[in-house]
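Spelled out from the first residue to the last, the chains are:
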Amino acid sequence: MSDAPEKSRKPRADSVRNREHLLTTAKTVFTEAGSDVALEEIARRAEVGIGTLYRHFPTRGALLAAVYQREVEHLSQAADRLLAEKPPAEALELWFEELIAYMATKRVVVPALKAEPGEGARVVASGGPTIHETFGRLVTAGARAGVMRSGIEVEDLHRLLVGFSHGYDQPGWEKGARRLAAILIAGLRS
């Protein structure tokens, strides 16, 4: 036996693909059918065995947490991508569309996560600061470019997002959210 520390193995490419495909499928199925849908249905729709699902996500809570964390990461990465591709005001406008899509998943996943014992509430709480920081990056980029108001405080942005997300769990929220996003963006422009 060797006393050398064991090297951490990089996951196989097919394992990474299966995990990502399971997360994409789970997001879709949870959004369509609710968070209590049978995990076998998610595996079936992902065209993998239930063992593959459990190998990546040993519990429903682990799958829900991974879907939520992936959505938060996607939202943050979308801001970076949009800022690299578009002028800041347009990037912010397109990011709000991403935020609305995130809220559709959040509406289903977050209540189930909060009901999970242990890590669920912590996972949910960790998403808020990332989203607020991302929104701040977008507005700051616009202010630096001279197309957004300067002097907006972080707390102002936090309140805007809280108000924007109010009622996200109610039917028809998306239509009103799009109107509100247009108002918010117009109000943030210099």
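Caption draft 1: Spatial organisation of the packing of helix 4 (residues 60-85) against helix 5 (residues 88-115). Taken N-terminus to C-terminus, the directions of helix 4 and helix 5 make an angle of 175°; their axes are 9 Å apart at the nearest point. When the axes of helix 4 and helix 5 are compared, the pair comes out roughly antiparallel.

Caption draft 2: Spatial organisation of unusual backbone geometry. You will see that glutamate 47, though not glycine, has its phi angle at about 60°, which is positive. Within the secondary structure layout, glutamate 47 lies in the loop between helix 2 (39-46) and helix 3 (50-56).

Caption draft 3: Highlighting the side chain of threonine 134. One can find threonine 134 in helix 6 (residues 120-144). Classification of threonine 134 as buried rests on a relative accessible area of 1%.

Caption draft 4: How the structure looks around the side chain of serine 35. Examined against the element boundaries, serine 35 turns out to sit in the loop between helix 1 (13-33) and helix 2. Exposure remark for serine 35: the relative accessible area of 18% places this residue in the buried category. Beyond its immediate stretch of four places on either side in the chain, serine 35 contacts Phe30, Arg60, Leu64, Val108 and Ala112.

So, how was this worked out
Numbers given for residues are sequential positions, taken from 1 along each chain in its written order. pLDDT decides what is reported in this predicted model: residues at 70 or higher carry local features, side-chain atom pairs at 80 or more are listed and counted, and totals for whole chains, interfaces and linings draw on all residues regardless. Hydrogens are left out, water is left out, and the side-chain values use all remaining heavy atoms of the structure. Note on method: axes are straight lines fitted to C-alpha atoms, helices fitted across the in-contact stretch only, with angles between N-to-C directions ranging 0 to 180 degrees. For the purposes of this entry, the term helix denotes a DSSP run of H or I that reaches at least four residues, the term strand denotes a run of E that reaches at least two, and both are numbered from the N terminus. With respect to orientation, any angle under 35 degrees is reported as roughly parallel, any angle over 145 as roughly antiparallel, any angle of 65 to 115 as roughly perpendicular, and every other angle as oblique. Think of it in three bands: residues with accessible area under 20% of the maximum for their type are buried, residues over 50% are exposed, and the middle band is partly exposed, with areas taken using a 1.4 Å probe on protein chains only. We call two residues in contact whenever any of their non-hydrogen atoms come within 4.5 Å of each other.

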